[in-house]
Amino acid sequence: MSFDVPDDHGYLESHEWAHNDGGTVRIGISDFAQDELGDVVFVELPDVGDTISEGEEFGVIESIKAVSDLYAPVSGEVTAVNENLFDTPELVNEDAFGDGWMLEVDAADESELDDLMSADEYRAQIE
């Protein structure tokens, strides 16, 4: 099976992605991760104004199969939370890189993005 792995995103081994849009970093989980989880039924995310730290847990995603921690690809202050996920968590399954995004963060140190896997490295991991 072939999974969507956008080239302009960075990835963690734990399957979170980050996309830098001029200092605002949008975060979510990969297409592969949502497929492995199965039907997502609940997402727990931090509040706007909270600070997350690179490599640390920032939330929880629950599916019919498993409960998994979510890890921050970068450090920074949460500037937006996708509140649509609270009522329709299945958006993560339907559009992991679009409507299923989770957070936007004002990156404290954009160089942390350099530590993430490239799309090619991530594809190699999931194949």
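The structure this text deals with has already been given above.
The structure reproduced in this document is the subject of the present report. All figures in this text were calculated on a predicted structure; none of them were measured in a lab.

**Some points on unusual backbone geometry**
Then, number 1: Even without a glycine there, the phi angle at H15 is positive, about 85 degrees.
Then, number 2: Following the sequence through the fold, H15 ends up in the loop between β1 (10-11) and β2 (16-21).
Then, number 3: Judged by its relative accessible area of 19%, H15 is buried.

**Here we look at the pattern of salt bridges**
Then, number 1: Counting across every chain of the model gives 3 salt bridges.
Then, number 2: The salt bridge involving D7 is made with R123; its shortest N-O contact spans 2.7 Å. Taken together, the residues span a long stretch of sequence, with D7 in the segment before β1 and R123 in helix α4 (residues 119-126) at a distance of 116 residues.
Then, number 3: Linking R26 and E104 is a salt bridge whose minimum nitrogen-to-oxygen distance equals 2.7 Å. Pair noted here: R26 is in strand β3 (residues 24-29) and E104 is in strand β9 (residues 103-107), with a separation of 78 residues, a long-range link.

**Structural notes on the sheet that holds strand β8 (residues 76-81)**
Then, number 1: Pairing is antiparallel across the open sheet formed by 6 strands, whose spatial order is β1-β2-β3-β9-β8-β5. With partners counted over all chains shown, the strands left at the sheet margins are β1 and β5 (51-52), one partner each.
Then, number 2: Where β1 lies against β2, 2 bridges are found, and the strand directions are antiparallel. Each residue of the ladder has a partner; that of Y11, found in β2, is W17.

**Notes on the side chain of E112**
Then, number 1: Within the secondary structure, E112 sits in the loop between β9 and α4.
Then, number 2: There is no salt bridge for the buried E112, and the closest opposite charge comes from R26, which lies 17 Å off by N-O distance.
Then, number 3: A polar side-chain atom of E112 sits 2.6 Å from the main-chain amide nitrogen of S75.
Then, number 4: Here E112 is in contact with E54, P73, V74 and S75, once residues within four sequence places are set aside.

**A look at the nonpolar core**
Then, number 1: Core analysis: the biggest nonpolar cluster contains 27 residues, and L45, I61, M102 and L103 have the highest contact counts within it.
Then, number 2: Elements represented by at least two residues in this core include exactly β3, α1 (31-37), β4 (40-44), β6 (57-63), β8, α3 (91-94) and β9.
Then, number 3: Excluding anything up to four places from it in sequence, L103 contacts V25, R26, I27, L45, P46, I52, F58, V78, A80 and V81.
Then, number 4: In terms of nonpolar packing, the next biggest core, distinct from the first, is built from 13 residues, V5, F32, A96 and A119 among them.

**A short note on the packing of aromatic side chains**
Then, number 1: Taken as a whole and assessed by the stated rule, the structure comprises 4 aromatic pairs.
Then, number 2: Between Y11 and Y122, the ring centres sit 4.6 Å apart and the planes meet at 10 degrees, which makes this aromatic pair stacked. Here Y11 is found in strand β1, whereas its partner Y122 is found in helix α4, with 111 residues between them in sequence.
Then, number 3: An aromatic cluster is present here, built from Y11, W17, F97 and Y122 joined pairwise through their rings.
Then, number 4: It is R26 that lies over the ring of W101; its NZ or CZ is 4.1 Å from the centre.

The rules behind the values
Residues numbered from 1 in each chain as written. Predicted model: local features only at pLDDT ≥ 70, side-chain atom pairs only at ≥ 80, totals over all residues. Heavy atoms only, no water. Helix = DSSP H or I, 4+ residues; strand = E, 2+ residues; numbered from the N terminus. Buried < 20%, exposed > 50% of the residue type's maximum accessible area, 1.4 Å probe, protein only. Salt bridge = Lys/Arg side-chain N within 4 Å of Asp/Glu carboxyl O. Pairing = 2+ DSSP bridges. Lys, Arg positive; Asp, Glu negative; His and termini not counted. Polar contact = N/O pair within 3.5 Å; in protein donor to acceptor, adjacent residues only side chain to side chain. Contact = heavy atoms within 4.5 Å. Core = buried A, V, L, I, M, F, W, Y, C linked by side-chain atoms within 4.5 Å. Phe/Tyr/Trp six-rings, centres within 6.5 Å; stacked < 30°, edge-to-face > 60°. Lys NZ or Arg CZ within 6 Å of the ring centre and 35° of its normal.

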